[in-house]
Structures are given as C-alpha cells and as structure tokens.
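Report on the structure
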Amino acid sequence: MNDRVYIFDTTLRDGEQSPGCSMTVPEKLRMAAKLVELGVDILEAGFPIASDGDFEAVDAISREFPEARVAALARACTLDVERAARSLERCKKARIHTFIATSDIHLKYKLRKSRQQVLDEAAAAVELARRHVDDVEFSAEDATRTDPDYLEQISIATVEAGAGTVNLPDTVGFSIPSEHAQLIGRMVESFGDRAIVSVHCHDDLGLAVANSLAAVQAGARQVECTINGVGERAGNCSLEEIVMAMRVRSELLPFETAIVSEQLYPASQLLTELISFGPQPNKAIVGENAFAHEAGIHQDGYLKERTTYEIMEPTTVGVPRSRLVLGKHSGRHALNQRCADLGFQLNREELDEVYKRFTALADRKKGVRNEEIAEIVRQVAGKLQPAGD
Ligand code: KIV
Ligand code: ZN
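Conventions and cut-offs
Residues numbered from 1 in each chain as written. Chains lettered and ligands numbered in written order. Predicted model: local features only at pLDDT ≥ 70, side-chain atom pairs only at ≥ 80, totals over all residues. Heavy atoms only, no water. Helix = DSSP H or I, 4+ residues; strand = E, 2+ residues; numbered from the N terminus. Buried < 20%, exposed > 50% of the residue type's maximum accessible area, 1.4 Å probe, protein only. Contact = heavy atoms within 4.5 Å. Areas by Shrake-Rupley, 256 points an atom, 1.4 Å probe, with all protein chains shown as cover. Lys, Arg positive; Asp, Glu negative; His and termini not counted. Charge placed at Lys NZ, Arg CZ, Asp CG, Glu CD. Domains from an automatic or database assignment. Buried area = accessible area lost by both parts, 1.4 Å probe. Donors = N, O, S within 2.8 Å, 3.2 Å for Na, K, Ca; no water. Pairing = 2+ DSSP bridges. Right-handed = clockwise from strand over helix to strand, strands pointing away. Axes fitted to C-alpha atoms, helices over the stretch in contact; angles between N-to-C directions. Near = heavy atom within 4 Å. Polar contact = N/O pair within 3.5 Å; in protein donor to acceptor, adjacent residues only side chain to side chain.

Counting its regular elements, the protein contains 15 helices and twelve strands. Counting the 389 residues in the protein, one finds 53% classified as buried. By sequence separation, contacts in the protein at least 24 residues apart represent 72% of the contacts at least 6 residues apart. In the form shown here, the protein has an accessible surface area of approximately 17500 Å², with 50% of it arising from carbon and sulfur atoms. Between the centroid of the 45 positive side chains of the protein and the centroid of its 60 negative side chains there is a distance of 4 Å.

Rendered as structure tokens:
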C-alpha cells in the first residue's frame, strides 16, 4: 500500500490572488465543482478578511459542497481568525489556515516584531482557531529562509496549541530540492505523528514541483498546489504535474493521491475559461503541445508504437488524444496517416507527389491545416499542375 499524500488545492486563494486571475463568486463556484470532481482533499476557497467576495466564496462553497473539506486563510490575529471562522460557520468539514511570517527578514522589515512575539501570536491564533474548528493548519510564511531552529520551535508551539497540519512554505521560491528535503526531513522527524507536514512551493526558480516532490520523499504528506500552476509571481507547484509525476513514476515515488486524473485537462480548460490566460503551449500535462508530435522521426516512431515517444496516455489526463502536428519537420508516414484520416487512400506515387507539394507549403508556414492537405490531395488526384507553390 503506497503512502497517501493529501492534495491541498489553492487555485481559488493563492491562484486567484495573482494578476489576471480574479474570479467572481459564481465563477469560483464553477471551479470548485470541478475541483471536487477532480478529487482534491482540501479546497482553499479564499482569504475572508481580504474582501466580501472572498468571504462569500468560502461561505457559498461550504454550503454547495458539504462533503468537501474547505479551508479559509487567516493571518495570525483575532480579527482574521474570527472572520475565517464566520465564513466557515455552515461548513461541515472546515479548516482554518492561519499564518505568520517567521524569517528574520520578514520579522525585521515587514512585521517589526521579535521572534518571541511572533511565536506567541502564532500559538494564540491556533488556539483561537481551535475554539471554532477541529481542523487547524499553521503556515510559517517564508519558512525556507527561516532559521531552522526557530522554525522548529515555533512549529512545535503551534502543534502544542492544536495545529494538526504544519505547512512550511517556500514563499519566494528560493529553495533547491536537496536543501528542501533536508529541512522537511528534520521537521517530519521532530513532529513525529503529532502533525502532518505540508509544503507550499512557489516557482520563482522553476523548482516548485521538484521541491514539492523532494519534500514528499522526505516525509511531507500534504502538498499545496494549483491548477495550471497559477499563483503569486511565477506561480505555485502545478497540481497536474506533481500528481502525474507520482503516478507515472510510482516505482520510485510510491505515493497515492485521490485525484481522478481524467479530470486534469478539463480542470485546466475550465480555469483557462474563467481567468485571463491559459497555460503556455509547452506546459507539461495540460499545454496545447503536451501530446503533439511534429518531428518526422517522432511521428514515425509514435505511429509504429505510441510508447516510443509518449510516457502517458493522453486520455489518462483527460486530453482527447495525441496530436500529430503536420509541419515542415513531418515525414511521409504522418502525412499518409493524416490523408487516411481525411478519407484519402494514396498509392505510393500519389503520396510522393502530395508529400512534395506539402513540404513546399510547410516550408513557408508554421503548420499546415487539414483543408490545405485535402486541397493538395485533390490537385494531385486530378493531375493538376503545381499551383505555383
Ligand atoms: O506563499 C505563502 O507563504 C503563502 C502562505 C499564506 C501559505 O501563500
Ligand atoms: Zn503562496
């Protein structure tokens, strides 16, 4: 039996608070429905003190999806925790997620507080949250730039105050995998079975997924992540990437999640529809080109045996099927396959002529459309002269 890793989705909180990603309450409800279908374990629905819209979203999602574990974010202070608690009043499985920065740089310049003050406020916020709900998570913001001894001290204080999950964010995406694993391993050992260790990695150095995986290997059992990797600045750990890494490489990463992988692409598509941008075309798992093959050698291999160039079936992540992109790198094999898909059976001589005209056209264009291929086939079949191409 593989170890269970909990997926904490923060698309509607960390994701939503980044530029171009804000959503209305009805839009958040649509996205929440998809996240529930996807099987996320915890759904962070908003930061209720930040706006009335966030408060309403937490309340509405809690009521609409009574089986979902819904989290609301709160700074480690009475006002925020009380507001989060109120937004979760009608939630059956409520989590208050309270946080405070712990690195010296944040203490000195942002909070202007001593380590002892911050520790006391963190423990008090957790205690207050526990008076409202059974499930409390504490986050030590900027954990990866915090003195590890102090990080351990404040984390233990919050566990003793009642936190069941301690999240150690790489808030500014500064960590690298080996270092991250070492820090997380130390905290896992220190907490024992008193609390679940969670990670929340930002992608400033493009390492959010690698750092999260290293943390899981070191004993973290909750990963905070977002659809399409949206989130502050360069974004958060991408949900689809970490889940599929654990699934595709399960022999080396023996961990289970409850994610219904066939819902990954539909979730990505829905988010794209709701916010102002989609994933880049070459984004792993959900990008437009993630299962597209253009080079002739690749297309030939793929058509002979899919696994030569594909490590997962597109349908397992909800992508309808692999795409052969016909362009100047494509070979005869792929072109013949496309002609057959379009209803044309070509003999060798016809294929040679169609291929000649196709490559001449593809040399001048980024990709050749099906209608253009069909037109070439008709010209060749009708023994027309090259159309001056
Ligand atoms: O990046 C971060 O530190 C956060 C916390 C509030 C969890 O988003
Ligand atoms: Zn964050």
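And the narrative resumes.
All right, on to the domain arrangement of the protein then. Here the protein is partitioned into domain 1 (6-274) and domain 2 (292-381). If you average the C-alpha positions of domain 1 and of domain 2, the two centres end up 44 Å apart. The interface of domain 1 with domain 2 comprises seven residues on the first partner and eight residues on the second. Interface area, domain 1 with domain 2, both sides summed: about 530 Å², of which 70% is carbon and sulfur.

Turning next to the coordination of the zinc ion (ligand 2). Summarising the metal site, the zinc ion (ligand 2) is bound by the protein donors Asp 14 (OD), His 200 (NE2) and His 202 (NE2), whose distances to it range over 2.0 to 2.1 Å. In primary-sequence terms, the residues that donate to the zinc ion (ligand 2) follow D-x185-H-x1-H. Taken together, the residues span a long stretch of sequence, with Asp 14 in helix α1 (residues 11-15) and His 202 in the loop between β8 (196-201) and α9 (208-217) at a distance of 188 residues. Here the two residues Asp 14 and His 202 agree in accessibility, since each one is buried.

Among the seven residues in strand β6 (residues 135-141), seven count as buried, and that is most of the element. Residue alternation in β6 divides its side chains into two sets, Asp 135, Glu 137, Ser 139 and Glu 141 and Val 136, Phe 138 and Ala 140, and both sets are buried. In the sheet, strand β5 (residues 93-101) pairs with β6 via seven bridges, with the strands oriented parallel. Looking at β6, one finds that Ile 100 is bridged to Ala 140. Where β6 meets strand β7 (residues 165-170), three bridges bridge the pair, whose relative direction is parallel. The partner of Phe 138 across the bridge, within β7, is Val 166. Once you follow β6 into helix α7 (residues 148-161) and on to β7, the crossover reads as right-handed.

This next bit is on the sheet that holds β6. The strand order β2-β3-β4-β5-β6-β7-β8-β9 describes a closed barrel built from eight strands, whose pairing is parallel. Put simply, the sheet's adjacent strands are angled 25° from each other on average, direction ignored. Running over the sheet, helix α8 (residues 177-191) touches β7 and β8 and is turned about 155° from β8. Each of β7, β8 and β9 (222-225) is contacted by α9, which is oriented at about 170° to β8, the strand it contacts most.

Close contacts around ligand 1 come from Arg 13, Asp 14, His 97, Phe 99, Ser 139, Glu 141, Asn 167, Pro 169, Thr 171, His 200 and His 202, and that covers them all. In this structure, Arg 13 approaches ligand 1 through a side-chain N or O atom, which is 3.0 Å from an oxygen atom. A distance of 3.0 Å is found between an oxygen atom of ligand 1 and a side-chain nitrogen or oxygen belonging to His 202. Considering ligand 1 on its own, with 260 Å² of exposed area, one finds that the protein chains cover 94% of that surface. Taken together, the elements giving at least two residues each to the shell around ligand 1 come down to α1, β5, β6 and β7.

This part is about unusual backbone geometry. Positive phi outside glycine occurs at Asn 228, with the angle close to 60°. Phi is positive for Ile 285, close to 70°, though the residue is something other than glycine. Following the sequence through the fold, Ile 285 ends up in the loop between α11 (264-274) and β11 (292-293).

Attention now goes to the environment of Glu 37. Here Glu 37 shows up in helix α2 (residues 25-38). Separated by 196 residues in sequence, Glu 37 and Arg 233 have C-alpha atoms that sit 28 Å apart. In this structure, Glu 37 is in contact with Val 260 and Gln 263, ignoring residues within four places of it in sequence.

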